[in-house]
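So the chains spell out like this:
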Amino acid sequence: MRLALFDLDGTLIDSEAGIVNSIEYALGRLGAPSPPRETLRGWIGPPLRATFPLALGDDPAAVERAVDHYRERFSDVGWQEHRVYDGIAGAIDALAARGVALAVVTSKVDLYAAKIVRSLPFGGHFARVYAASPGSRDSEKTAMIARALADFDVAPAAAAMIGDRHFDIEGAKANAVRAVGVAWGFGSVDELRDAGADAIADAPAQLPGLLAPSA
């Protein structure tokens, strides 16, 4: 294993507070009712333009206003409203010590992704951050993984994508890289299995073993 690609939200950090608070803020600015928090938790992962229509309907102008309001709050305080999952730092340190190249592949837009990764105590281990464009309407995981393989000049068989949602697993499968799901994020184990995960980690401490040559 030469390259490990990590999702951000729900994999490295629990970012529920910042994301959900900012969604509620955006909908409130538009005078739209906010779905229950448990529903909003399921919005974490897909791009905002794919989820805001669930509350605003087929109204592109309203969706764009909601995205603007979301970014207004998120860029101010929301990007800091997260916590690092227990055990992730040790897993990242172990992989880096083994000489595995590390990068982040996230559906979060590049306005915030690199800043968040730099702020993490282990952020310096990540050589690159691949993030969605500000106008994105899909997760872009497949394209970003392909770009990472090219940038690091690594064969698919020597790479893995680690994430908590089906987008991560599907992006990995599309590029023929090892797909490792994590059970502590915003997706479910069933979602990861249905997407075709090669392995699922129940805790961060399992990740170095699942990415070992014999795994």
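Q: It is not clear to me how the pairing of strand β7 (residues 178-182) should be interpreted in this structure. Could you clarify?
A: Across a regular strand the side chains alternate sides, sitting on one face of the sheet and then on the other. Burial of β7 is extensive: four of the five residues sit out of reach of the surface. Sheet analysis places strand β6 (residues 159-163) next to β7, joined by four bridges and oriented parallel. Looking at the pairing, A160 lines up with R178 of β7. In the classification by handedness, the crossover that spans β6, the intervening helix α9 (residues 166-174) and the parallel β7 is right-handed. Relative to strand β8 (residues 199-201), β7 runs parallel, the two being bridged by three bridges. Bridge assignment links V182 to a residue of β8, and that residue is A201.

Q: Which parts of the structure should I look at to understand the pairing of β6?
A: β6 sits mainly inside the fold: five of its five residues count as buried. In β6, alternate side chains face the same way, and those of A159, M161 and G163 on one face and A160 and I162 on the other are all buried. Summarising the sheet, strand β1 (residues 3-6) and β6 pair through four bridges and their orientation is parallel. Each residue of the ladder has a partner; that of A4, found in β6, is A160.

Q: Where do I start with the packing of aromatic side chains in this structure?
A: The description of two aromatic rings rests on the distance between their centres and on the angle between their planes. Considering all chains together, one arrives at six aromatic pairs under this definition. Pairwise contacts between aromatic rings join F6, F122 and F126 into one cluster. Between K115 and the ring centre of W79, over which it is positioned, the NZ or CZ distance is 4.5 Å.

Q: Looking at this model, I keep getting lost on the nonpolar core. Mind explaining?
A: Among soluble globular proteins, nonpolar side chains are generally buried collectively. By size, the foremost hydrophobic cluster in this structure holds 50 residues, and its most contacted members are F6, L12, F52, F126, I162 and L207. Top contributing element to this core by residue count: helix α5 (residues 60-76), with six residues. Not counting chain neighbours up to four residues away, the residues in contact with F52 comprise I23, A26, L27, W43, G57, V63, A66, V67 and Y70. Counting 20 residues, the second-largest nonpolar core is a separate cluster that includes Y130, F152, V177 and A195.

Q: Would you take a moment to explain the side chain of R165 for this structure?
A: The topology assignment puts R165 in the loop between β6 and α9. Of the polar contacts made by the side chain of R165, one reaches the backbone oxygen of I44; its length is 2.8 Å. Residues contacting R165, with those up to four places away along its chain left out, are G42, I44, G45, P46, F186, G187, E191 and L192.

About the cut-offs
- Residues numbered from 1 in each chain as written.
- Predicted model: local features only at pLDDT ≥ 70, side-chain atom pairs only at ≥ 80, totals over all residues.
- Heavy atoms only, no water.
- Buried < 20%, exposed > 50% of the residue type's maximum accessible area, 1.4 Å probe, protein only.
- Helix = DSSP H or I, 4+ residues; strand = E, 2+ residues; numbered from the N terminus.
- Pairing = 2+ DSSP bridges.
- Right-handed = clockwise from strand over helix to strand, strands pointing away.
- Phe/Tyr/Trp six-rings, centres within 6.5 Å; stacked < 30°, edge-to-face > 60°.
- Lys NZ or Arg CZ within 6 Å of the ring centre and 35° of its normal.
- Core = buried A, V, L, I, M, F, W, Y, C linked by side-chain atoms within 4.5 Å.
- Contact = heavy atoms within 4.5 Å.
- Polar contact = N/O pair within 3.5 Å; in protein donor to acceptor, adjacent residues only side chain to side chain.

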